[in-house]
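Tertiary structure, described
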Amino acid sequence: MYPNLYYAFKDLFGVELPFLKIFQTFGFFVAIAFLAAAYVLTIELRRREKLGWLHGVPDVIEVGKPASIGELVWNGVLGFLLGFKVIGAMLSKEAVSQDLQGFIFSAQGSWAAGIVLAALFVWLKYNNRKKKTLPTPKKETIMVMPHQRVPDFTVMAAIAGLIGAKIFHNLENWNDFVQDPIGSLVSFSGLTFYGGLIVAAIVIIRYANKKQINTFHLIDSAAPALMLAYGVGRMGCHFAGDGDWGIANTHPNPFSWLPDWAWSFNYAHNVVNEGIPIPGCDGRYCHMLQPPVYPTPLYEIIACLLLFLVLWSIRKKITVPGVIFGIYLILNGIERFFIEKIRVNTRYSIFGFHPTQAEIISTLMVIGGALLIWYSRRKAYSAKTIS
């Protein structure tokens, strides 16, 4: 496993680049997942705009104004944080590689770099606005297309998704949360995908409605992007060994074509230090699982990338708004429901049943997807009949 990119480059290419210790493997793949989803979403929104299904909205902006005090302060704060923490992390590689979370939430950092970058960011903002300042500021109306809102969607998804993922994870692991509330909230581990999806969806749909973006076309456009992001995100879980793995698997590999590591895996050097010590290993990440487990993140990577290709291939064939997203809900719900059967998770006790949180939500997703398809088709049929 590769807790950070330093270990990945050392193992794959035989080179040691100490500065890579500050880049966590899980965070790297999460960033790639967001970028990939944003790219796919932009392509699909552009396609629907060309077909006339989505339209731009006029937006009034004021040009020629000098930089406000608030903008200068915000840029100064951003520059200080980047200098204090990011450059500070580069100057403290060893401490960061041992405990990135502790470094971020500590008072450690480079004060000099923070002050210099704060001053630079303020000057750049002031100077850039000064060049564009007019004697009399004026208002202009511009047309903003839905695909131009993707950066806004991405930021909202990142913030709301993280909050939702944390909330649902702590609800699922309430006893751990009660024992250490602060640690559970600020920890980088412990993220529930469905929690992030639900909260991010609520925030983005509310924003889209304010910007007069058709909700059904938006969610249809997002369906392939969400499936791709989930698959790429699971790469972070697998390669970092973040604890999101399956139950113990001591059964012999029944498939001659399947590598043993794809059937049963010990997640050596996992980032959460679970399992037994690795003989002869010195350092922070020196544990492996015993007995080995089902590598469920690997299975989800394969399944979700294949399902992404399915959604991408049918998106042009299905023209009823809402149906593509309904199919996404059903496919994702089925995939997650069955993977839960071999995955480590907290189980609830409900009327004699013992489902996991993900099983409950995935079941609701399948039902919701079927209802959405029925409603979308019925709505389209009614509109066609009336016209």
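Now for a look at the structure at hand. The residue numbers shown here count from 1 along each chain, following its written sequence. Residue-level local features of this predicted model are given only where pLDDT is at least 70; pairs of side-chain atoms are given and counted only at 80 or more, and the full residue set underlies all totals for whole chains, interfaces and linings. For side-chain calculations, the full set of non-hydrogen atoms in the structure is used, while hydrogens and water are omitted.

A short note on the overall build of the protein
The condition that has to hold: Starting at the N terminus, helices and strands are each numbered in turn, a helix being any DSSP run of H or I of at least four residues and a strand any DSSP run of E of at least two. Burial classes follow relative accessibility: with a 1.4 Å probe on protein chains only, a residue under 20% of its type's maximum area counts as buried, one over 50% as exposed, and anything between as partly exposed. Throughout, a contact is declared for two residues whenever any of their heavy atoms are within 4.5 Å. To measure how exposed things are, a 1.4 Å probe is used in the Shrake-Rupley method; for residues, cover is taken only from the protein chains shown.
Along the backbone of the protein there are 15 helices and four strands. A buried classification covers 40% of the 387 residues belonging to the protein. Counted over contacts in the protein with a minimum sequence separation of 6, partners at least 24 positions apart contribute 73%. Here the protein has roughly 21400 Å² of accessible surface; of this, 68% comes from carbon and sulfur atoms.

Digging into helix α11 (residues 215–240)
How we decide: Take the residue count of a helix, subtract one, and multiply by 1.5 Å to get its expected span. Polar contacts, as used here, are pairs of N or O atoms within 3.5 Å; protein pairs need one atom able to donate a hydrogen and one able to accept it. Residues neighboring in sequence count only if both atoms are side-chain atoms.
Taking 1.5 Å per residue as the helical rise, α11 with its 26 residues ought to reach 38 Å, and the 36 Å between its terminal C-alpha atoms agrees with that figure. Most of α11 is tucked away: 20 of the 26 residues are buried. Regarding α11, its N-cap is Asn214, as a side-chain oxygen of that residue lies 3.0 Å from the backbone nitrogen of Phe216 further along. Remark: Gly241 follows α11 within two positions and exhibits a positive phi of approximately 65°.

A closer look at the state of the cysteines
Here is the idea: a disulfide is a covalent bond, and it sits between the sulfur atoms of two cysteines. Note the following rule: Whenever a pair of cysteine sulfur atoms sits within 2.5 Å, that pair is classed as a disulfide.
Inspection of every chain in the model, using the stated rule, returns one disulfide. Residue Cys281 pairs covalently with Cys286 via a disulfide, S to S 2.0 Å. The disulfide joining Cys281 to Cys286 has a torsion of about -60° about its S-S bond and is therefore left-handed. For Cys281, a relative accessible area of 23% gives the class partly exposed.

Overview of the nonpolar core
So the rule is basically this: In these notes, a set of buried Ala, Val, Leu, Ile, Met, Phe, Trp, Tyr and Cys residues joined through side-chain atoms within 4.5 Å is what counts as a nonpolar core.
Core analysis: the largest hydrophobic core is formed by 42 residues, its most contacted members being Leu41, Leu45, Phe153, Leu218, Met227, Phe325 and Tyr328. When contributions to this core are tallied by element, the ones reaching two or more residues are α2 (25–50), α7 (150–172), α10 (193–210), α11, α13 (296–314), α14 (323–339) and α15 (357–386). It is α11 that provides the largest number of residues to this core, a total of nine residues. In this structure, Leu45 is in contact with Leu54, Pro146, His147, Val150, Phe153, Leu218 and Ser221, ignoring residues within four places of it in sequence. In this structure, Met1, Phe265, Tyr267 and Leu289 belong to the second largest nonpolar core, which totals six residues.

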